[in-house]
Amino acid sequence: MSTSTSNSELAAAREALRQRQGSGARYDSSAAPARELDWARRGTAYFARVLNETSDSELRNPSALPGWSKAAVVAHVGYNARALTRLCQWARTGVPHSMYASAEARLAEIRRGESLPPQALRSLVHHAAIHLDVEWRDLDDTAWDAQVVTAQGRTVPARETAWMRAREVWVHAADLGGSFRRFPRDVLNALLDDVVAVWKRRDCVPDVELHLRDQDCTVVLGGGGPSVTGSTPDVVRWLTGRGAVHLESDGFDLSSLPAWL
Ligand code: ZN
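Note that the coordinates shown come from a computational prediction; the quantities given were computed from them, not determined experimentally.

Rules and cut-offs
Residues numbered from 1 in each chain as written. Predicted model: local features only at pLDDT ≥ 70, side-chain atom pairs only at ≥ 80, totals over all residues. Heavy atoms only, no water. Axes fitted to C-alpha atoms, helices over the stretch in contact; angles between N-to-C directions. Helix = DSSP H or I, 4+ residues; strand = E, 2+ residues; numbered from the N terminus. Parallel < 35°, antiparallel > 145°, perpendicular 65-115°, else oblique. Left-handed = near helix turned anticlockwise from the far one by under 90°. Contact = heavy atoms within 4.5 Å. Nonpolar A, V, L, I, M, F, W, Y, C, P; charged D, E, K, R; others polar. Phe/Tyr/Trp six-rings, centres within 6.5 Å; stacked < 30°, edge-to-face > 60°. Lys NZ or Arg CZ within 6 Å of the ring centre and 35° of its normal. Buried < 20%, exposed > 50% of the residue type's maximum accessible area, 1.4 Å probe, protein only. Polar contact = N/O pair within 3.5 Å; in protein donor to acceptor, adjacent residues only side chain to side chain. Donors = N, O, S within 2.8 Å, 3.2 Å for Na, K, Ca; no water. Salt bridge = Lys/Arg side-chain N within 4 Å of Asp/Glu carboxyl O.

Quick notes on the packing of helix 3 (residues 70-93) against helix 4 (residues 103-114)
Okay, step 1: Between helix 3 and helix 4, the shortest axis-to-axis distance is 8 Å and the interhelical angle comes to 125°. By the angle class used here, helix 3 and helix 4 are oblique. Considering how the two elements wind past one another, helix 3 and helix 4 form a crossing that is right-handed. Contacts between helix 3 and helix 4 involve Ala 71, Ala 72, Ala 75, His 76 and Tyr 79 on the former and, on the latter, Arg 106, Glu 109, Ile 110, Gly 113 and Glu 114.
Okay, step 2: For the contact of helix 3 with helix 4, the residue count by class is five nonpolar, two polar and three charged.

Structure follows, in structure tokens:
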């Protein structure tokens, strides 16, 4: 009697977990990039919260990303999830799927998405994120290491999609009206590393010393030299091209940073 009760309790708990996890009803494989997936999922929740706090009429306003309306940012984040879903499908099936047909097609899609009715835009980004999460849970140990090609033409293992998504949802949540100050410290540090890695690939690392006041540490870029001091959120906001606020510069032109993505 007590056994059957505990069994049914267990089944109920399992079913509740399945409901919370969505339609995939699976766990991540043991080879999944757990830390980056956690950042992506928390960032998705943060993006959803900021979007919830954005009214339909506010969606027509400019975002913090120069030249982009908030609606365009939302459409982009939705289509980015679909594009990363295609990379995961590639990894899972071995059949190549590119993120976007072309750079022009990517922009045309965002422009179309931007003009969707607000409710359609909200469900686009919501459903695309769920679909991506289902794909992630469907990747087995081998698929996480399968090679895929990003929109920038880089060949990377599928596990890279977790970080690619994490940086999109966090930074675009800030573009939509959120704040870098709400980002977890480890996400900020990973963003800093990402910006520097992108610059290294393009051979355009500026010579500057970053003093992260809250972490009491200095990051030397290139040959060092002039310094920029601020809190980690403010420094990372600036490095990602979202404006220089509350920063102190000792001889470095704050408007002279190379672009990130
Ligand atoms: Zn983006």
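So much for the structure itself; the text now carries on.
Topic: the packing of aromatic side chains
Okay, step 1: Taken as a whole and assessed by the stated rule, the structure comprises six aromatic pairs.
Okay, step 2: Taken together, the ring pairs in this structure connect Tyr 46, Trp 170, Phe 180 and Phe 183 into an aromatic cluster.
Okay, step 3: In this structure, Arg 106 packs its charged tip against the face of Tyr 100, placed 5.6 Å from the ring centre.

Overview of helix 9 (residues 232-239)
Okay, step 1: Among the eight residues of helix 9, seven are classified as buried, and the element is accordingly described as predominantly covered.
Okay, step 2: Within helix 9, burial applies to Thr 232, Pro 233, Asp 234, Val 235, Val 236, Trp 238 and Leu 239.
Okay, step 3: On its buried side, helix 9 packs onto helix 8 (185-201), strand 3 (208-212) and strand 5 (227-230).
Okay, step 4: Just downstream of helix 9 lies Gly 241, where phi reads positive at about 80°.

Observations concerning the environment of Arg 86
Okay, step 1: Within the secondary structure, Arg 86 sits in helix 3.
Okay, step 2: The exposure class of Arg 86 is partly exposed, given its relative accessible area of 24%.
Okay, step 3: For the pair Arg 86 and Glu 104, spaced 18 residues apart in sequence, the C-alpha separation works out to 18 Å.
Okay, step 4: Beyond its immediate chain neighbours, meaning those up to four positions away, Arg 86 contacts His 97, Ser 98, Met 99 and Tyr 100.

Overview of the side chain of Thr 161
Okay, step 1: As for its position among the elements, Thr 161 is in helix 7 (residues 160-176).
Okay, step 2: By relative accessible area, Thr 161 is classed as buried at 0%.
Okay, step 3: In this structure the side chain of Thr 161 is engaged in a polar contact, spanning 3.1 Å, whose partner is the side chain of Trp 136.
Okay, step 4: Thr 161 has contacts with Leu 84, Leu 87, Cys 88, Trp 136 and Trp 144, leaving out every residue within four places of it along the chain.

A few points about the coordination of the zinc ion
Okay, step 1: Donor atoms from the polypeptide that bind the zinc ion are His 76 (NE2), Glu 168 (OE) and His 172 (NE2), placed at 2.1 Å.
Okay, step 2: When the donor residues of the zinc ion are listed from N- to C-terminus, their spacing reads H-x91-E-x3-H. Within this pair, Glu 168 and its partner His 172 are both found in helix 7, separated by four residues, close to a single helical turn.
Okay, step 3: Glu 168 sits in the buried class, given a relative accessible area of 10%.
Okay, step 4: Overall, the relative accessible area of 7% leaves His 172 in the buried class.

Let's talk about the pattern of salt bridges
Okay, step 1: The final tally for this structure, using the stated rule, is 14 salt bridges.
Okay, step 2: With a closest N to O distance of 2.9 Å, Arg 242 and Asp 175 form a salt bridge. In this pair, Arg 242 is assigned in the loop between helix 9 and strand 6 (248-250) and Asp 175 in helix 7, connecting sequence segments 67 residues apart. Across the pair, Asp 175 and Arg 242 agree in class, each one buried.
Okay, step 3: Salt bridges linked by common partners bring Asp 28, Arg 41, Asp 133 and Arg 137 together as one network.

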